Amino acid sequence: MSAEPVDLTRPDHDQLGPDSLSWRYSGDWRTILLGPWVGLVQLSYPGLGAGVVQHSAFYTEPWDRFLRSVPQIAGVVYDGPAAFAEGHRIRDLHTTIKGVDDEGRRYHALDPEVFFWAHATISEVVVKMIDVFDHPISPAEKDQLFGESVRIWRNYGMSSRPVPPNRAALDKYFAHTYANVLEKTPAVTEFIRLSAEPNSMAQPWLPEPVWRAVAPVVMKPMWLLGVGLLTPETREILGLAWSNADERRLRQVAAIIRTIWPAVPRTLRYMPRAKAGFRRAGWPRPTRM
């Protein structure tokens, strides 16, 4: 039985709190490991990929752009009453991101369909992170996370037009987009090239010699996860190979992370914005994490 449609008329100040799955998992550092997956599925969405290339320092600082975005998006989850204002601030940063892509198609970052794809894929990172690194996610958890993602979406003040009515409809939306909308855009082509040579990417937040040393060690398992979590249709569209040996390596990486993560102190598991939210709500949380 599918979940009931989510009520989109609930007030914008209906914010999430520590009892939500989004609070428990969105600010978990393990979500960063899925950064390449986010890059692949977002940059291959035509309007989004064109906006990133034409309106950011994507070609020179691809990872810096990603890491700047993460804490801002976390604020829309963890900032309580201020999350609504943070969502509107993020939305307004995209007002001037518009133009024409290499195929002559007009785009605007504030097109609800484009903006929702970005939101939906970021929300899906939480679902995938739980399923891969924590425990097999249940249908009830997926339904709950979908409802919470809709509440987060309201913080942006965007149209509800592209929002599916329930998780089952969201799954159909993802399947259709993966197979019929995503394409090998110039942005994703460059992202794939840069990821094959990670130490060539400029990183202003680390000295170049340090980045050159750590980049292959960090990026190889992240890239494995990014490609492995794509659908077969998307891998074919993007020309990315995947073998049985790759699948085994992905499972090994996931198993290692699942094994070691419980030993990580709780205060080290979360991003600063998440920890700030937990402290406002009374850190440490009374429930098991």
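The model shown is predicted, which means the values in this text are computed figures rather than measured ones. All chains use their own residue numbering, which begins from 1 and follows the written sequence. Only residues with pLDDT of 70 or above have their local features reported here, since the model is predicted, and side-chain atom pairs are shown and tallied only from 80 upward, although totals for entire chains, interfaces and linings are computed over all residues. Hydrogens and waters are ignored; side-chain quantities use all the structure's heavy atoms.

Caption draft 1: Quick look at the overall build of the protein chain. The helix and strand labels rest on DSSP assignments: H or I over at least four residues marks a helix, E over at least two residues marks a strand, and numbering proceeds from the N terminus. The helix and strand inventory of the protein chain stands at 13 helices and two strands. Any residue under 20% of the maximum accessible area for its type is buried, any over 50% is exposed, and the rest in between are partly exposed; the area is computed with a 1.4 Å probe on protein chains only. A total of 289 residues make up the protein chain; the buried ones form 50% of that total. Note on areas: these come from Shrake-Rupley sampling with a 1.4 Å probe, and a residue is covered only by the protein chains present in the view. Looking at the protein chain as shown, the accessible area adds up to about 13,900 Å², and 58% of this sits on carbon and sulfur atoms.

Caption draft 2: Fine view of the side chain of R167. Turning to its location among the elements, R167 is positioned in helix α8 (residues 167-180). Residue classification places R167 among the buried residues on the basis of a relative accessible area of 5%. In this analysis, two residues are considered to be in contact whenever any of their non-hydrogen atoms come within 4.5 Å of each other. Those residues within four positions of R167 in sequence are excluded, and the remaining contacts are E124, V127, K142, D143, F146 and F174.

Caption draft 3: Just the pattern of salt bridges, in detail. We define a salt bridge as a side-chain nitrogen of Lys or Arg found within 4 Å of a carboxyl oxygen belonging to Asp or Glu. Summed over all chains, the structure comprises 14 salt bridges. Taking the shortest distance from any N to any O, the salt bridge between R105 and D101 comes out at 2.8 Å. For R193, the salt bridge goes to E190, with nearest N and O atoms at 2.7 Å. Of this pair, R193 and E190 both sit in helix α9 (residues 186-196), three residues apart, which is roughly one turn of the helix.

Caption draft 4: Expanded view of the layout of surface pockets. Considered as a void within the structure, the second largest pocket measures approximately 390 Å³ in volume. Secondary structure elements with two or more residues in the lining of the second largest pocket: α6 (112-134), α8 and α12 (244-260). Taken together, the residues of the lining of the second largest pocket break down into 12 nonpolar, two polar and eight charged. Space inside and on the surface of the protein is sampled on a 1 Å grid over the protein atoms alone, with a cavity defined as a set of points where a 1.4 Å probe fits but cannot get out and a pocket as an open set with protein on both sides within 12 Å along at least 5 of 7 lines; lining residues have an atom within 4 Å of a point. Grid points are joined across faces, edges and corners, and a volume is the space filled by probe spheres set on the points. Three classes are used: nonpolar for Ala, Val, Leu, Ile, Met, Phe, Trp, Tyr, Cys and Pro, charged for Asp, Glu, Lys and Arg, and polar for all others, with Gly counted as polar.

Caption draft 5: Highlighting the packing of aromatic side chains. Two rings belonging to Phe, Tyr or Trp (six-membered ring only in the last case) form a pair when the distance between their centres is within 6.5 Å. Interplanar angles under 30 degrees mark stacking, angles over 60 mark edge-to-face geometry, and anything in between is tilted. Here the structure, examined in full by the defined rule, presents 16 aromatic pairs. Seen from their ring centres, W117 and Y173 are 5.7 Å apart, and the 65 degrees between their planes marks the pair as edge-to-face. Of this pair, W117 sits in helix α6 while Y173 sits in helix α8; the two residues are 56 residues apart in sequence, bridging distant segments of the chain. Per residue, the accessibility class of W117 equals that of Y173, and both read buried. With a centroid separation of 5.6 Å and an interplanar angle of 15 degrees, the aromatic rings of F174 and Y178 are classed as stacked. A residue pair is termed a helical-turn pair when its members lie 3 or 4 positions apart in one helix, as F174 and Y178 do in helix α8 at four residues. Taking the relative accessible area as the measure of exposure, Y178 reaches 9% and is therefore buried. Taken together, the ring pairs in this structure connect Y45, F115, F116, W117, W153, Y156, Y173, F174 and Y178 into an aromatic cluster.

Caption draft 6: A nonpolar patch on the surface, seen in detail. The grouping of V210, V214, V217 and V218 at the surface amounts to a nonpolar patch, some 300 Å² of accessible area in total. Take V214: it is sitting in helix α10 (residues 208-228). The exposure class of V214 is partly exposed, given its relative accessible area of 32%. Patch construction takes residues with relative accessible area above 30% that form no salt bridge. Like charges are linked within 9 Å, and nonpolar side chains (Val, Leu, Ile, Met, Phe, Trp, Tyr) are linked within 5 Å.

Caption draft 7: Representation of the nonpolar core. Residues W37, L40, W117, F133 and L240 are the most contacted members of the largest nonpolar core, which totals 64 residues. Broken down by element, this core gets its largest block of residues, 13 residues, from α6. We call a set of buried Ala, Val, Leu, Ile, Met, Phe, Trp, Tyr and Cys residues a nonpolar core when their side-chain atoms join them within 4.5 Å.

Caption draft 8: How the structure looks around the packing of α6 against α8. Here an axis means a line fitted to C-alpha atoms, over the contact stretch when the element is a helix, while the angle between two N-to-C directions is reported on a 0 to 180 degree scale. It is at 12 Å that the axes of α6 and α8 come closest, and there the two elements cross at 110 degrees. Here α8 runs roughly perpendicular to α6, going by the angle between their axes. In this structure, the crossing between α6 and α8 has a hand that is left-handed. Residues E113, F116, W117, A120, T121, E124 and V127 of α6 lie in contact with α8, whose contacting residues are R167, L170, Y173, F174, T177 and Y178. Of the residues that constitute the contact of α6 with α8, the class distribution is eight nonpolar, two polar and three charged. Each angle gets one of four labels, with under 35 degrees taken as roughly parallel, over 145 as roughly antiparallel, 65 to 115 as roughly perpendicular, and the rest as oblique. For any pair of crossing helices, the crossing counts as left-handed if the nearer helix is rotated counterclockwise from the farther one by less than a right angle, and right-handed if it is rotated clockwise.

Caption draft 9: Local environment of the environment of D246. As for its placement among the helices and strands, D246 is situated in helix α12. Residue class for D246 comes out buried when judged on its relative accessible area of 15%. As for D246 and G228, which are separated by 18 residues in sequence, their C-alpha atoms are 7.6 Å apart. The contacts of D246, once residues within four sequence positions are left out, are L224 and A241. Polar contact is the term for a pair of N or O atoms within 3.5 Å; when the atoms are in protein, one must be able to donate a hydrogen and the other to accept it, and sequence-neighboring residues count only if both atoms are side-chain atoms. For D246, the side chain forms a polar contact with the main-chain nitrogen of S243, separated by 3.0 Å.

Caption draft 10: How the structure looks around the side chain of R30. For R30, the position within the fold is in the loop between α1 (21-25) and α2 (35-43). The residues contacting R30, other than those within four sequence positions of it, are Y25, M129, F133, D134, I257 and W261.

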